[in-house]
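The chain contents come next:
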Amino acid sequence: MAPPAAASFASQVVRGRWFMAYGSFLIMSAAGATYIFGIYSKDIKATLGYTQEQLNTVGFFKDVGANIGIHAGLVAEVTPPWVVLAVGAAMNLGGYLMLYLSVAGRVRPPPPLWLVCLYIAVGANSQAFANTGALVTCVKNFPESRGVMLGLLKGFVGLSGAIFTQLYLAFYGPGGGGDTKPLILLVGWLPAAVSVVFLGAIRIIRAPPRPPAVARREYRAFCAFLYVSLALAAFLLVAIVLQKRFRFTRAEYGVCAAVVFAMLLLPLGIVLREEAALFKRNNIGNAPAAAQADDALVTTTTKPPAPQESSPKPEPTKTVGARLVAALRPPARGEDYTIVQALVSVDMLLLFTATVFGVGGTLTAIDNMGQIGESLGYPQRSVATFVSLISIWNYLGRVAAGFASEALLARYRVPRPLLVAGVLLLTVPGHLLIAFGVPGSLYAASVLVGFCFGAAYPMILAIISELFGLKYYSTLYNVGNVASPVGSYILNVRVAGRMYDREAARQGAVAAAGNNNKGGLTCVGTRCYRESFLVVAAVTLGAAAVTLLLAWRTRAFYAGDIYARFKDGTATSANGGETAGVEPKKQQAPEVHDGRRGDDPMH
């Protein structure tokens, strides 16, 4: 390849949709630090002398920060994605660094509970900014493959817990019950660094409608990303099993971390392959894409202006009440709802309720896994294994739900809400295993809870984009995420935390002086979480019933072709929004293949 051609190809790669997707995968693989809270939560409880309810309050604010991102969505509506990512990186570094200094005893006197909650909420809130800046941008850039894209991106988030564990063991020495405070420091600087590296790559890239051959090639590229991520998940699972069985040295942990790092670089080969094929197509017949774009520009700008329509007759003045009713009246499902129309819709209410009690229950299990293992007598090394298992099966649930739900929808018109209901029902046995504390069953419970939590999330986010459109998806995506911390507060703080402390008090208020717990309450036995997880199982059944009602309400919508307006020749919606849910086509510069000349960094 000649030097000018090589430079042109390199420029195309770094400006392309595929490199943008790869950067988003890496950002997501570092954005799931909230899921390893169970590993270092015991150090927070021990060094700061918290009760279980106080620790669960810290966990609740972690969930609040990670999931309340409406402000991030509103910022994304008026700024390019790099601004959203930069703000998130700053929050991640600041919040977790202050949490580390507090837990490590570098801050004197120790901060009060409310300040620790603020630190972790700010740090975890960076995840909402990363999701909005990278994930929402990818969905807008690949609108017809949103289920697959959401599954892959959320899958990498699910793997991030296991990735962080391997890096922590390599950087800070063998674990197995040791000091986990350095893990908080790693969580603080690594995600911020990854986001900063890809600030320039993550942007809206509008592509023209795809012919069937291009759509098939795009799907094969997504499958290649899937295979790489499956290989990474398999390696992590094998590493976890071996690390539990054998005592690894620091050098051996370093080898595992190096393999993880190498496998995270493998998708770059897929990016180069796809961009090379695109570069070749754009230069066939000595007709570069730039020349084609210039011809299109001339054709567009020399078109005679459309005849002006006659001025409509002035409508009679409406009352304030009539105007309010008109503003709240929703369009057809699948069209672009306004934020207010989506918030007041029955569909959003049902989806929100199901997420509160369905996903909230799985978050309760994930956040308490450290204390659940401790109460049932598992060693600290096993607790780290549970968290890693949750991370890997969380990933498998996300990619399986993304690809399977997309295939079932395309081939058999199976409504996504129906699949969410099935996933929530599958979660119930995991909660019951925790409730009854069957010996050795916590491994199976970790797998079930991790898989179901992972499978539910991408489908819920895809449902929001399908029912309410993509125009305001940056905000509506984060509205859906608000449900998780609400459920976490109800089920984790008010139910699990209080019942744990009550049982610890009944056992004699076992203080931690002899357990290095500085006055915190320690509960031992199956009764610590029995009642609370019976409650979680019951409300999860209710959440599944609510989701079934949503599936019944939307059955006619999913029976049709919900992606019709994104296909060749039908890219414009009824209300004039284009494929990415933004301004109509006539207001843009003409598009060329993959949006190289027509991309706009603004929403």
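Above this text you will find the structure in question.
Residues numbered from 1 in each chain as written. Predicted model: local features only at pLDDT ≥ 70, side-chain atom pairs only at ≥ 80, totals over all residues. Heavy atoms only, no water.

Peer 1: Help me understand the overall build of the protein chain in this model?
Peer 2: A count of helical and extended segments in the protein chain gives 23 helices and zero strands. Every one of the 603 residues in the protein chain was classed for burial, and the buried ones make up 56%. For the protein chain, the proportion of contacts with a sequence separation of at least 24, taken over those separated by at least 6, is 84%. Here the protein chain has roughly 23,600 Å² of accessible surface; of this, 67% comes from carbon and sulfur atoms. (Helix = DSSP H or I, 4+ residues; strand = E, 2+ residues; numbered from the N terminus. Buried < 20%, exposed > 50% of the residue type's maximum accessible area, 1.4 Å probe, protein only. Contact = heavy atoms within 4.5 Å. Areas by Shrake-Rupley, 256 points an atom, 1.4 Å probe, with all protein chains shown as cover.)

Peer 1: It is not clear to me how the packing of helix α10 (residues 212-245) against helix α12 (residues 267-282) should be interpreted in this structure. Could you clarify?
Peer 2: When two helices pack together, their arrangement is given by the angle between the helix axes and the distance between those axes. It is the contact of α10 with α12, at a shortest axis distance of 9 Å, that shows an interaxial angle of 165°. In terms of their interaxial angle, α10 and α12 are classed as roughly antiparallel. Pair α10 / α12 crosses with right-handed handedness. Contacts from Arg-217, Ala-221, Ala-224, Phe-225 and Val-228 in α10 reach Pro-267, Ile-270, Val-271, Arg-273, Glu-274, Ala-277 and Arg-281 in α12. (Axes fitted to C-alpha atoms, helices over the stretch in contact; angles between N-to-C directions. Parallel < 35°, antiparallel > 145°, perpendicular 65-115°, else oblique. Left-handed = near helix turned anticlockwise from the far one by under 90°.)

Peer 1: Sorry if this is basic, but what is going on with the nonpolar core here?
Peer 2: Nonpolar side chains tend to gather and get buried jointly when the protein is soluble and globular. In this structure, Ile-27, Met-28, Tyr-40, Leu-152, Phe-198, Phe-222 and Tyr-473 are the most contacted members of the largest nonpolar core, which totals 154 residues. When residues in this core are grouped by element, the largest group, 16 residues, is from helix α20 (residues 442-468). Look past the residues within four positions of Met-28 in its chain and what remains in contact with it is Ala-130, Asn-131, Ala-134, Leu-135, Leu-153, Phe-156, Val-157 and Ser-160. Counting residues in each nonpolar core, the second largest holds five residues, with Ala-76, Val-84, Met-91 and Phe-129 among its members. (Core = buried A, V, L, I, M, F, W, Y, C linked by side-chain atoms within 4.5 Å.)

Peer 1: Hey, could you run me through helix α21 (residues 473-506) in this one?
Peer 2: Residue pairs spaced three or four apart in an α-helix point in one direction, given the helix's 3.6 residues per turn. With 34 residues, α21 should reach 50 Å at 1.5 Å per residue; the first-to-last C-alpha distance of 49 Å fits that figure. Bending of α21 peaks at approximately 30° at the position of Asn-492. Where burial is concerned, most of α21 is hidden: 25 out of the 34 residues are buried. (Expected span 1.5 Å × (residues − 1). Bend = angle between axes of the 7 residues up to and from the residue.)

Peer 1: Got a minute to help me understand the packing of aromatic side chains in this structure?
Peer 2: The geometry of an aromatic ring pair is captured by the separation of the ring centres together with the interplanar angle, meaning the angle of the planes. In the structure shown here, the tally under the stated rule is 25 aromatic pairs. Here Trp-18 and Phe-222 contribute two aromatic rings whose centre-to-centre distance is 5.5 Å and whose plane-to-plane angle is 55°, an arrangement assigned as tilted. Placement of the pair is Trp-18 in helix α2 (residues 17-29) and Phe-222 in helix α10, with a sequence separation of 204 residues. Note on accessibility: Trp-18 and Phe-222 belong to one class, buried. Each member of the aromatic cluster is reached from another via a ring pair, and the members are Trp-18, Phe-25, Phe-142, Phe-156, Phe-222 and Phe-225. Here Lys-154 stacks its cationic end above the ring of Tyr-457, 5.3 Å away from the centre of that ring. Over the face of the ring belonging to Trp-552 we find Arg-555, whose NZ or CZ atom lies 4.3 Å from the ring centre. (Phe/Tyr/Trp six-rings, centres within 6.5 Å; stacked < 30°, edge-to-face > 60°. Lys NZ or Arg CZ within 6 Å of the ring centre and 35° of its normal.)

Peer 1: Where do I start with the pattern of salt bridges in this structure?
Peer 2: Proximity of charged atoms lets side chains of opposite charge pair with each other. In the structure shown here, the tally under the stated rule is 14 salt bridges. The partner of Arg-333 in a salt bridge is Asp-347, and the shortest N-O contact between them spans 2.7 Å. Here the residue Arg-333 occupies a position in the loop between α14 (320-328) and α15 (339-343), and Asp-347 occupies one in helix α16 (residues 346-367), the gap between them amounting to 14 residues. Classification of Asp-347 as buried rests on a relative accessible area of 4%. Among the ionic pairs, Glu-503 bridges to Arg-527, the shortest N-O distance being 3.5 Å. Residue Glu-503 is located in helix α21, and its partner Arg-527 is located in helix α22 (residues 527-553); the two are separated by 24 residues in the primary sequence. The class for Glu-503 is buried, based on a relative accessible area of 7%. (Salt bridge = Lys/Arg side-chain N within 4 Å of Asp/Glu carboxyl O.)

Peer 1: What is the right way to look at the environment of Ala-104 in this model?
Peer 2: The residue Ala-104 is located in the loop between α6 (81-103) and α7 (113-141) in this model. In the structure, Ala-104 is positioned 80 residues away from Ile-184 in sequence and 9.7 Å away in space, judged by C-alpha atoms.

Peer 1: Explain the side chain of Thr-34 to me, please; I cannot follow it from the model alone.
Peer 2: Looking at where Thr-34 falls in the secondary structure, it is placed in the loop between α2 and α3 (37-48). In this structure Thr-34 comes out as buried when scored by relative accessible area, which is 3%. Polar side-chain contacts of Thr-34 include one of 3.0 Å to the side chain of Gln-127. What Thr-34 contacts, discounting residues up to four positions off in sequence, is Lys-62, Ala-66, Tyr-96, Ala-124 and Gln-127. (Polar contact = N/O pair within 3.5 Å; in protein donor to acceptor, adjacent residues only side chain to side chain.)

Peer 1: Would you mind going over the packing of helix α8 (residues 146-172) against helix α11 (residues 250-265) with me for this structure?
Peer 2: One can describe the packing of α8 onto α11 by two numbers: an axis separation of 7 Å at closest approach and a directional angle of 145°. Of the two possible hands of crossing, α8 and α11 adopt the one that is left-handed. Of α11, the residues touching α8 (which contributes Phe-156, Ile-163, Gln-166, Leu-167, Leu-169, Ala-170, Phe-171 and Tyr-172) are Arg-250, Tyr-253, Gly-254, Cys-256, Ala-257, Val-260 and Leu-264. Of the residues that constitute the contact of α8 with α11, the class distribution is twelve nonpolar, two polar and one charged. (Nonpolar A, V, L, I, M, F, W, Y, C, P; charged D, E, K, R; others polar.)

Peer 1: Help me out: how do you make sense of the environment of Ala-134 in this one?
Peer 2: Looking at where Ala-134 falls in the secondary structure, it is placed in helix α7. Separated by 70 residues in sequence, Ala-134 and Ile-204 place their C-alpha atoms 9.8 Å apart. With residues up to four places along the chain from it excluded, the contact list for Ala-134 reads Ser-24, Ile-27, Met-28, Leu-85 and Ile-202.

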